[in-house]
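# Structural description and commentary
The chain contents come next:
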Amino acid sequence: MTRRLRDGSSGDATPAELVGPILAAERILAICHVNPDGDAIGALIGLGHILHALPGEREVVLACQDPAPETLHFVPGVESILPALPADFLPEVVISLDASDPARLGTIFPSLDLNRALLIVIDHHITNLRFGDLNYVAPQAASTSQLIVRLADALGVALPREAATPLLVGLVTDTLGFRTSNVTTAELQCAERLMGAGANLADISQRTLATRPLKFMRLWGTAFGSARLDGAVLWAEVTREMRLAAGIDDDDDGGLVSQLIHAAEARIAVVFNELSGGGIEVDFRARPPYDVAAVALSLGGGGHPQASGCTLPGSMSDVQARVLPLVQKASRGVR
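This text gives an overview of the structure that appears in the document. Because the structure is a prediction, the values reported are computed rather than measured. (Residues numbered from 1 in each chain as written. Predicted model: local features only at pLDDT ≥ 70, side-chain atom pairs only at ≥ 80, totals over all residues. Heavy atoms only, no water.)

## Considerations on the overall build of the protein
Short version of the rule: Secondary structure follows DSSP: runs of H or I at least 4 residues long count as helices, runs of E at least 2 residues long count as strands, and numbering of each begins at the N terminus. The globule rule is 2.2 Å times the number of residues to the power 0.38, and the radius of gyration it is compared with is taken over C-alpha atoms. When accessible area is computed with a 1.4 Å probe and restricted to protein chains, residues below 20% of their type maximum are described as buried, those above 50% as exposed, and intermediate ones as partly exposed. Contacts are assigned to residue pairs that have any heavy atoms within 4.5 Å of one another. We get accessible surface area from the Shrake-Rupley algorithm with a probe of 1.4 Å; when it comes to residues, only the shown protein chains can shield them. A positive count includes Lys and Arg, and a negative count includes Asp and Glu. His and the chain ends are not counted in either. Every charge is mapped to an atom, namely NZ of Lys, CZ of Arg, CG of Asp or CD of Glu.
Helix and strand counts for the protein come out as eleven helices and eleven strands. Against the globule reference of 20 Å for 335 residues, the protein gives a C-alpha radius of gyration of 20 Å, in line with a compact fold. Considering only C-alpha atoms, the protein reaches an extent of 55 × 40 × 40 Å along its principal axes. Residues classed as buried in the protein amount to 54% of the 335 residues present. Residue pairs at least 24 apart in sequence account for 68% of intrachain contacts in the protein once pairs closer than 6 positions are excluded. For the protein, the accessible surface area stands at approximately 14300 Å², while carbon and sulfur atoms represent 53% of it. A distance of 5 Å separates the average location of the 26 positive side-chain charges in the protein from that of its 38 negative side-chain charges.

Shown next as structure tokens:
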């Protein structure tokens, strides 16, 4: 495969339309977004097992610029994800997972020769820019991991036992244990299938949603103490010094924003996380019917109506001055 298939079109595709290019490829790269969450990691590892289950020989590389967070180290296969491509690996097909735009794919993506490789995008974010040659984008789905299950069906692959746990990790984490407003019978039926294939729902829920290392609790205690409420918007900041004092040596805040939104007074929660390499990561959460996806998209990020984010250059105060008025406007848009 040396040429794009759908020049000049949006390339919207069904799972069935992805089958031919995938089966024809001898070298496939699957890549997920930076600072990967459970759905990105789960979809990536699950897809890897499904591709290995296909008939014929093919080389499959799983890659992500950033390592999986500590809370996901229990997922079988996480050690197979590479931080960069092997020097001699030239993929014929590149599959982008759970990323709404190319910038979310980090440093690996710009190094790819997309004149020689077909780019397939598989994602469930409503803000997806459909930047692939073939785009399987399904915003009605609660997780990208669900879409990998559908792809397995289109490929005629029985769900491998090794894929069941990663994919259920993706579904559980992106729905917060099936508690988000976009959960339907489709998500529950998908979970039932993955459990039937060998995944343990109780263990996954406990490990991903109910357990955090003490260092994150220490960080949250500091951040909670300085959280500020302005109308319906509750926001907090995390600095490098706060993370170091809590014993955290990377940029992970343990999912603070998902804790912040539980405050009874909050309708929208925002966390400003100072990154070690510069800039501020901004995480948004909202309760229905509030929508933070448009705010994130306007700032170069993306996500879902109730869970979005972006990364911005500048100091903590500068970024807060830029973001908070937009969030306040979004909070006033609901009556």
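Next comes the rest of the description.
## Observations regarding the sheet that holds strand 3 (residues 93-97)
Where we set the bar: Two strands pair under a simple rule: DSSP has to find at least two bridges between them. Axes, fitted as lines to C-alpha atoms, cover a helix only where it is in contact. Angles between the N-to-C directions of the axes lie from 0 to 180 degrees.
Taken together, the five strands give an open sheet; going across it, the order is 2-1-3-4-5, and neighbouring strands pair in parallel fashion. Where the open sheet ends on each side, the last strands, each with one partner, are strand 2 (59-63) and strand 5 (134-137). Pairwise comparison of adjacent strand axes, ignoring direction, gives a mean angle of 15 degrees for this sheet. Of the strand pairs in this sheet, strand 1 (residues 27-32) and strand 3 are connected by five bridges, and their pairing is parallel.

## Considerations on the side chain of Asp 39
Heads up, the rule is: Only one rule defines a salt bridge in this text: a Lys or Arg side-chain nitrogen within 4 Å of an Asp or Glu carboxyl oxygen. Polar contacts, as used here, are pairs of N or O atoms within 3.5 Å; protein pairs need one atom able to donate a hydrogen and one able to accept it. Residues neighboring in sequence count only if both atoms are side-chain atoms.
Following the sequence through the fold, Asp 39 ends up in helix 2 (residues 38-52). It is Arg 104 that comes nearest to the buried, bridge-free Asp 39 among opposite-charge side chains, at 10 Å. Engagement of the side chain of Asp 39 in a polar contact is seen with the side chain of Ser 145, the distance being 2.8 Å. Dropping the residues within four chain positions of it, Asp 39 is found in contact with Asp 98, His 124, Ser 143, Thr 144, Ser 145, Gly 170, Thr 173 and Asp 174.

## Here we look at the pattern of salt bridges
For the coordinates displayed, the defined rule picks out seven salt bridges. Put simply, Arg 228 and Glu 237 hold a salt bridge, and the shortest N to O gap is 3.6 Å. Here Arg 240 ties to Glu 274 by a salt bridge, and the two come within 3.0 Å at their closest N and O atoms. Linking Arg 240 in helix 8 (residues 240-246) with Glu 274 in strand 8 (residues 268-274), this pair joins segments that are 34 residues apart in sequence.

## Side note on the packing of helix 2 against helix 3 (residues 144-155)
Formally: An angle counts as roughly parallel when it lies under 35 degrees, as roughly antiparallel when it exceeds 145, as roughly perpendicular when it falls between 65 and 115, and as oblique in every other case. Less than a right angle of anticlockwise turn of the near helix away from the far helix marks a crossing as left-handed, whereas a clockwise turn marks it as right-handed. Gly is put with the polar residues, along with every residue not named as nonpolar or charged; the nonpolar set is Ala, Val, Leu, Ile, Met, Phe, Trp, Tyr, Cys and Pro, and the charged set is Asp, Glu, Lys and Arg.
Viewed as axis vectors pointing N to C, helix 2 and helix 3 meet at an angle of 15 degrees, and their least axial separation amounts to 8 Å. Judged on the interaxial angle alone, helix 3 and helix 2 are roughly parallel. Both helix 2 and helix 3 take part in a crossing whose hand is right-handed. Here helix 2 contributes Asp 39, Gly 42, Ala 43, Gly 46, Leu 47 and Ile 50 to the contact with helix 3, which in turn contributes Thr 144, Ser 145, Ile 148, Leu 151, Ala 152 and Leu 155. Here the residues of the contact of helix 2 with helix 3 sort into seven nonpolar, four polar and one charged.

## As for helix 4 (residues 161-174)
Applicable threshold: A helix is expected to span 1.5 Å for every residue after the first.
In a regular helix each residue adds 1.5 Å, so 14 residues correspond to 20 Å; helix 4 covers 21 Å between its end C-alpha atoms and thus fits that length. Next to the buried residues of helix 4 lie helix 2, helix 3, helix 5 (185-196) and helix 6 (201-209). After helix 4 finishes, the residue Leu 176 shows a positive phi value of roughly 50 degrees.

## A look at the packing of aromatic side chains
How we decide: Classification of ring pairs rests on two measures: the distance between centres of Phe, Tyr or Trp rings, Trp counted by its six-membered ring, which must be within 6.5 Å, and the angle between planes, read as stacked under 30 degrees, edge-to-face over 60 and tilted in between. To sit over a ring, a charge needs its Lys NZ or Arg CZ within 6 Å of the ring centre and within 35 degrees of the ring normal.
According to the stated counting rule, one finds two aromatic pairs in the structure shown. For the pair Phe 109 and Phe 131, a centre-to-centre distance of 6.3 Å together with 90 degrees between the ring planes defines the contact as edge-to-face. Remark: Phe 131 occurs in the loop between strand 4 (118-123) and strand 5 and Phe 109 occurs in the loop between strand 3 and strand 4; sequence separation between them is 22 residues. Judged on exposure class, the residue Phe 109 and its partner Phe 131 are both buried. Over the aromatic face of Phe 216 sits the side chain of Lys 215, whose NZ or CZ is 5.6 Å from the ring centroid.

## As for the nonpolar core
Defined as follows: By convention a nonpolar core is built from buried Ala, Val, Leu, Ile, Met, Phe, Trp, Tyr and Cys residues, the set being connected through side-chain atoms within 4.5 Å.
Membership of the largest hydrophobic core comes to 56 residues, with the highest contact counts inside it found for Leu 18, Ile 22, Ile 95, Leu 97, Ile 120 and Ile 122. With residues up to four places along the chain from it excluded, the contact list for Ile 22 reads Ile 28, Leu 51, Leu 54, Arg 58, Ile 95, Ile 120, Leu 151 and Leu 155. Counting residues in hydrophobic clusters, the runner-up holds 22 residues, among them Ile 280, Val 295, Met 316 and Ala 330.

## Description of the state of the cysteines
Two cysteines whose sulfur atoms are joined by a covalent bond form what is called a disulfide. Defined as follows: Disulfide: a pair of cysteine sulfur atoms within 2.5 Å of each other.
A complete count under the given rule lists zero disulfides for this structure. Not part of a disulfide, Cys 32 finds its nearest cysteine sulfur in Cys 64, a span of 3.6 Å. According to the relative accessible area criterion, Cys 32 is buried, its value standing at 1%.

## What about the sheet that holds strand 6 (residues 228-230)?
Think of a sheet as strands paired side by side through backbone hydrogen bonds, with each pair either parallel or antiparallel. Taken together, the six strands give an open sheet; going across it, the order is 6-7-8-9-11-10, and neighbouring strands pair in mixed fashion. Two strands close off the open sheet at either side, each with one partner strand: strand 6 and strand 10 (302-303). Pairing of strand 9 (residues 280-286) with strand 11 (residues 307-312), which is carried by six bridges, proceeds in the antiparallel orientation. From the neighbouring strand, Arg 285 faces strand 11, where its bridge partner is Ala 307. Together, strand 6, strand 7 (233-238), strand 8, strand 9 and strand 11 form the strand contacts of helix 11 (residues 316-331), whose direction differs from that of strand 8 by roughly 165 degrees.

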